[in-house]
Protein chains: 2
Amino acid sequence: MTVEQMFALKGNLVYTEVPGKLTARRDAYLVCSGSQVTGVFDALPPAMTDIPVTDFGDQLIIPGLVDLHTHAPQFAFRGMGMDMELLQWLEDYPFREEARYEDFIYANQAYDRFVATLTRGGTARAVIFATIHSPATLHLMEMLSEAGMQAYVGKVSMDRNCPPALREKTGPGLADAENWIINSLGLFSGVRPILTPRFVPSCTEKMMKGLGELSAKYDLPVQSHLSENRAEVQWVRELHPGQSYAEVYDGFGLLGKPKPSIMAHCVYCTEEELDLMARNQVFVAHCPQSNTNLASGIAPVRRMLKRGVRVGLGTDMAGGFSASIFRAMSDAIQVSKLRWALLEEDEPFLTIPEVFFLATKGGGAFWGKAGSFEPGYAFDALVMDDTTLGSKENLDLEQRLERIIYLSDDRNISAKYVAGQRLF
Amino acid sequence: MTVEQMFALKGNLVYTEVPGKLTARRDAYLVCSGSQVTGVFDALPPAMTDIPVTDFGDQLIIPGLVDLHTHAPQFAFRGMGMDMELLQWLEDYPFREEARYEDFIYANQAYDRFVATLTRGGTARAVIFATIHSPATLHLMEMLSEAGMQAYVGKVSMDRNCPPALREKTGPGLADAENWIINSLGLFSGVRPILTPRFVPSCTEKMMKGLGELSAKYDLPVQSHLSENRAEVQWVRELHPGQSYAEVYDGFGLLGKPKPSIMAHCVYCTEEELDLMARNQVFVAHCPQSNTNLASGIAPVRRMLKRGVRVGLGTDMAGGFSASIFRAMSDAIQVSKLRWALLEEDEPFLTIPEVFFLATKGGGAFWGKAGSFEPGYAFDALVMDDTTLGSKENLDLEQRLERIIYLSDDRNISAKYVAGQRLF
């Protein structure tokens, strides 16, 4: 990297290197080389004094946020129909809406809104469910790439316990998945495919086995849902007696090692399942808002962290109505407080430095080095203007960050960089 | 009222006449005479065809929202310091900040921000704690009145268990309260005084007795806090053995009948206390976000409603960080779902029509007739433009209202009327 390809942002940097601890650097320089962080400096080193500097004054600069779990085709009905539990809701809302994505024109319009909202918000990187339809999924990947976002996108696979319009035939479904992989792998800058069995109840063993084989063959990660709701866990127990929900995935090579995987929710995982996930380095996508809206429960995040499970945050639209990982951070703190207050367990609730870690470096680890300003990390940055949020008199950067997490909206994001590129 | 003083708004009206049921009228006229609703009409009656009509097209028109409990002097630190429980938090944040309101210049600046935010948001009517300082409290009342808001504002009374800077001497404190009443009663259009013992632990019996007498003498309502947090409830038990928390207030004429009163929180009220409140027609200000942030718990709203207790919603800034009663509605639903999921009780969670009632006619009843579009009700209306929230294709008004409650912010409020006056 030559000096010509470098630049710096100047402002108040706040990020996390280790869970639970904020690093705050006032009036510092964040230097980018290509798409990566070179380092953080109080004054530019002599070799860099000629690089262009954008001075953001008293604003805060934080790492771009990471959304480990969301459903692009559910964006259209977010904020509606939230008066039912998971299994009934799936029938009435997601399945009905997702069937429409066979219509490429409709999908194009709907995904356009999704991508625009994602791009304008704080999310730099996202892991996304599409639908079973490859053409619309490829188009979503292209749109995200053109917008400058970093993403994994999954064409959904499902061949049982779902409406006919969304039920794949197992063999052709697997063939379609493989074609979609071939047609997307390496094609969209910053956007890659991820294998996506919807969840155990909607995938036959043959389907899960085939997806595990595709994961191995193409060296691809996996995403799915795990232990979201009591009735769903009971259903899986009936479908696969003698195995835990996590073991079902593991048996088909869909639960972490050797390929990375993300399991959304994990509200009702047993200690044994958490240990299995820790061993396999599975990422949990904690989706507090969705788990609340669907009356699923509150995931034991503190326990996961203690057992060494990797955790990031997810919006899970449209089980969650909000597209914002800022909101996911405050939601994560809030539900952990209610878990503490109602269950009277001995696990303290989550703190701002902890959820900020989950929202940045925690989820960012799915990409390797993302979500921090340490050297070698992907250069994802949000510039936050908090002047509308109240007086800054006597506030330290930690307090300003807390207020941003609770009160900001997209109007407070004054600039956004993803992988070294400025999106706005 | 002559026809000259009448006008109409045209649009899609949604409101509640009875708890749990929405009334939706597409392309209807909402007619105002002076400060009151004349009625809702599909077409203007012959006698009214000449009145001015503002046509809001496809937008939704809903009653102005009611905030039954908030603290104006805590607005300055909302979104910060939310990592502790009630009693420690009171020492570290509210008490420290409220002491500054002895400084009139500081109070003026801080209240200016509070009033501006309240006015720009969905709240038409609010019941507000100020501080112990009469001059700043009078100024807050004047500012609210000039902004066109409807409010009850309380100079806080407290004479024990608080920092010296905020501790009144009992006799002079009561005299100051009476002077403040005399100086504010009837003086500020739309804004009236309300007696405000902070809560039992911070008021001596002599203070509570004196405030009860002032309530009777000047025919004034009362607001306070009740059963917010386990440690607080235990403290009151030690201070007043042999009585329930609610009975302590009742013994001093501070709990409803004959004068109306509002008790914030009521998370841990016993069945006997709820029955007492129902008999006395006390309003509960349910503040779900604050109860979550301070890890207090989840109030049993369904149980309150079943027992005939009157309930409205409160933001309780800055225990709550949000100024929005829209957010209080979605929070109320969310926490009721978590109560249901975690405690596995047999009380179904709250629904959109129920929380919409609490946020409008439920809390509005504190003013008599407010919070609905029925004839004779105060003309408070919000015009909601939901075009940025997604497609409206095939949506009914109930779905659009639900989405507004979950997703809107102040940008979606395109016009606001309070007591017949257009604020913007």
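The structure displayed is predicted, hence computed values, not measured ones.

Colleague: Describe the overall build of chain A, and please don't skip the residues or the numbers.
Modeller: The helix and strand tally for chain A stands at 14 helices and 17 strands. Against the compact-globule benchmark of 22 Å for 424 residues, chain A has a radius of gyration of 21 Å, which places it among compact chains. Counting every position in chain A, which comprises 424 residues, the buried fraction comes to 65%. Working note: accessible area of chain A is about 14400 Å², and carbon and sulfur atoms make up 50% of it. Placing the 40 positive and 52 negative side-chain charges of chain A at their respective mean positions leaves the two points 1 Å apart.

Colleague: So what about the pattern of salt bridges? Which residues, and what values?
Modeller: Residues and elements named next belong to chain B. Under the definition given, this model contains 46 salt bridges over all chains. Where Glu374 meets Lys361, a salt bridge forms, and the shortest distance between an N and an O atom there is 2.8 Å. Taken together, the positions of Glu374 in the loop between helix H13 (352–364) and strand E15 (381–384) and Lys361 in helix H13 put the pair 13 residues apart, joining distant regions of the chain. For the pair formed by Glu374 and Lys361, the shared burial category is buried.

Colleague: Can you break down the interface of chain B and chain A residue by residue, with the values?
Modeller: The partner chain A presents 46 residues to the 45 residues of chain B that form the contact. Each partner contributes to the roughly 4000 Å² buried at the junction of chain B and chain A, and carbon and sulfur atoms together form 55% of this total. The largest share of the area that chain B buries against chain A comes from Met80, Leu338 and Leu342 of chain B, three residues that together contribute 14% of it. At the junction of chain B and chain A, the tally comes to six salt bridges. The salt bridge partner of Asp410 of chain A is Arg411 of chain B, with a shortest N-O separation of 3.0 Å. Here chain B and chain A share 16 residue pairs in polar contact (both at pLDDT 80 or more) between them. Those elements giving two or more residues to the side of chain B that touches chain A turn out to be helix H10 (288–293), helix H12 (325–343) and helix H14 (397–407) of chain B.

Colleague: So what's going on with the relation of the copies chain B and chain A? Residues and values would help.
Modeller: Relative to chain A, chain B is turned by 180° and slid 0.0 Å along the rotation axis, the superposed coordinates differing by an RMSD of 0.0 Å. The superposition of one copy onto the other is thereby described by a two-fold rotation axis. Among all residues of chain B, the one whose C-alpha sits closest to the rotation axis is Leu342 of chain B, at a distance of 3.6 Å. Most of the interface of chain B is mirrored in chain A, where 100% of its interface residues again form contacts.

Colleague: Break down the domain arrangement of chain A for me, with residues and values.
Modeller: All names here are of chain A. Taken domain by domain, chain A comprises domain 1 (3–64 + 372–422) and domain 2 (65–367). Placing the centre of domain 1 and that of domain 2 at their C-alpha centroids yields a distance of 29 Å. On the domain 2 side, the residues contacting the 31 residues of domain 1 number 25 residues. For the pair domain 1 and domain 2, the summed buried surface comes to about 2200 Å²; carbon and sulfur atoms form 66% of the total.

Colleague: Give me the lowdown on the sheet that holds strand E11 (residues 222–226) of chain B, citing residues and values where you can.
Modeller: Residues and elements named next belong to chain B. Within the open sheet, the four strands sit side by side as E11-E12-E13-E14. Their pairing is parallel. Here the strands that pair on one side only, and so sit at the sheet edges, are E11 and strand E14 (310–313). Neighbour-to-neighbour, the strand axes of the sheet open up by a mean angle of 30°, direction not taken into account. Of the pairings in the sheet, the one linking strand E12 (residues 261–265) to strand E13 (residues 283–286) comprises three bridges and is parallel in character. Pairing of Ile262 across the sheet is with Phe283, part of E13. Here H12 sits on the sheet in contact with E13 and E14, set at roughly 120° to E14.

Colleague: Break down the packing of helix H3 (residues 104–120) of chain B against helix H4 (residues 134–147) of chain B for me, with residues and values.
Modeller: Residue and element names in this part refer to chain B. Put simply, H3 and H4 touch, their axes get as near as 10 Å, and they point 30° apart. The pairing of H3 with H4 is recorded here as roughly parallel in orientation. Here the hand of the crossing between H3 and H4 comes out right-handed. Residues Phe104, Ala107, Asn108, Tyr111, Asp112, Phe114, Val115, Leu118 and Thr119 of H3 form the contact with H4, whose participating residues are Pro135, Ala136, His139, Leu140, Met143, Leu144 and Ala147. Among the residues forming the contact of H3 with H4, the class breakdown is 12 nonpolar, three polar and one charged.

Colleague: Can you tell me about the side chain of Ser33 of chain A, naming the residues and giving the values?
Modeller: All names here are of chain A. Checked against the element boundaries, Ser33 lands in strand E2 (residues 21–33). For Ser33, a relative accessible area of 14% puts it in the buried group. Side chain to side chain, Ser33 and Thr38 meet in a polar contact 2.4 Å long.

Colleague: Let's hear about the pairing of strand E4 (residues 53–63) of chain B: which residues, and what values?
Modeller: On a regular strand, each side chain points to the face opposite its neighbour's, so the side chains alternate between the two faces of the sheet. Residues and elements named next belong to chain B. Pairing geometry for strand E1 (residues 6–18) and E4, over five bridges, is parallel. Opposite Lys10, over in E4, you have Asp55 as the bridge partner. Of the pairings in the sheet, the one linking E4 to E15 comprises four bridges and is antiparallel in character. Bridging across to E15, Ile62 finds its partner in Leu382.

Colleague: Which residues make up the sheet that holds strand E7 (residues 150–154) of chain A, and what values go with them?
Modeller: Residue and element names in this part refer to chain A. With respect to topology, four strands assemble into an open sheet ordered E5-E6-E7-E9, the strand pairing being parallel. The open sheet terminates on both sides in strands that have one partner only, identified here as strand E5 (65–71) and strand E9 (191–193). Strand-to-strand twist across the sheet, computed as the mean angle between neighbouring axes with direction ignored, equals 15°. Across five bridges, the pairing between strand E6 (residues 123–129) and E7 is parallel. By the bridge assignment, Ala126 is partnered in E7 with Ala151.

Colleague: Which residues make up the nonpolar core, and what values go with them?
Modeller: Ranked by internal contacts, the top residues of the largest apolar core, which has 114 residues, are Ile128, Leu140, Leu144 and Phe326 of chain A. A per-element tally of this core places helix H3 (residues 104–120) of chain A first, with seven residues. Both domains that furnish three or more residues to this core are identified here as domain 1 (3–64 + 372–422) and domain 2 (65–367) of chain A. When near neighbours in sequence (up to four residues on either side) are disregarded, Phe326 of chain A contacts Ile62, Leu65, Leu382, Met384, Ile404, Ile405, Ser408 and Ile413 of chain A. Listed in part, the 111 residues of the second largest apolar core include Leu395 of chain A together with Val156, Leu294 and Phe356 of chain B.

Colleague: Residue-level account of the confidence of the model for chain A, with values.
Modeller: When the pLDDT values of chain A are averaged, the result is 96; 99% of them are 70 or greater. Both scores are available for the predicted complex, with the pTM at 0.97 and the ipTM at 0.96.

Colleague: If you had to explain the packing of H4 of chain B against helix H5 (residues 170–184) of chain B to someone new, which residues and values would you point to?
Modeller: In helix packing, the relevant descriptors are the interaxial angle and the interaxial distance, both defined with respect to the helix axes. Residues and elements named next belong to chain B. Two numbers describe how H4 lies on H5: the axes approach to 10 Å, and their chain directions differ by 25°. If you check the angle between H4 and H5, you find them roughly parallel. Where H4 crosses over H5, the two elements pack in a sense that is right-handed. Contacts from Ser134, Thr137, Leu138 and Met141 of H4 reach H5 at Asp176, Trp180, Asn183 and Ser184. Classifying every residue of the contact of H4 with H5 by side-chain character gives three nonpolar, four polar and one charged.

Rules used throughout
- Residues numbered from 1 in each chain as written.
- Chains lettered and ligands numbered in written order.
- Predicted model: local features only at pLDDT ≥ 70, side-chain atom pairs only at ≥ 80, totals over all residues.
- Heavy atoms only, no water.
- Helix = DSSP H or I, 4+ residues; strand = E, 2+ residues; numbered from the N terminus.
- Rg over C-alpha atoms; globule rule 2.2 N^0.38 Å.
- Buried < 20%, exposed > 50% of the residue type's maximum accessible area, 1.4 Å probe, protein only.
- Areas by Shrake-Rupley, 256 points an atom, 1.4 Å probe, with all protein chains shown as cover.
- Lys, Arg positive; Asp, Glu negative; His and termini not counted.
- Charge placed at Lys NZ, Arg CZ, Asp CG, Glu CD.
- Salt bridge = Lys/Arg side-chain N within 4 Å of Asp/Glu carboxyl O.
- Contact = heavy atoms within 4.5 Å.
- Buried area = accessible area lost by both parts, 1.4 Å probe.
- Polar contact = N/O pair within 3.5 Å; in protein donor to acceptor, adjacent residues only side chain to side chain.
- Least-squares fit on C-alpha atoms with pLDDT ≥ 70 in both.
- Domains from an automatic or database assignment.
- Pairing = 2+ DSSP bridges.
- Axes fitted to C-alpha atoms, helices over the stretch in contact; angles between N-to-C directions.
- Parallel < 35°, antiparallel > 145°, perpendicular 65-115°, else oblique.
- Left-handed = near helix turned anticlockwise from the far one by under 90°.
- Nonpolar A, V, L, I, M, F, W, Y, C, P; charged D, E, K, R; others polar.
- Core = buried A, V, L, I, M, F, W, Y, C linked by side-chain atoms within 4.5 Å.
- pLDDT = per-residue confidence, 0-100.

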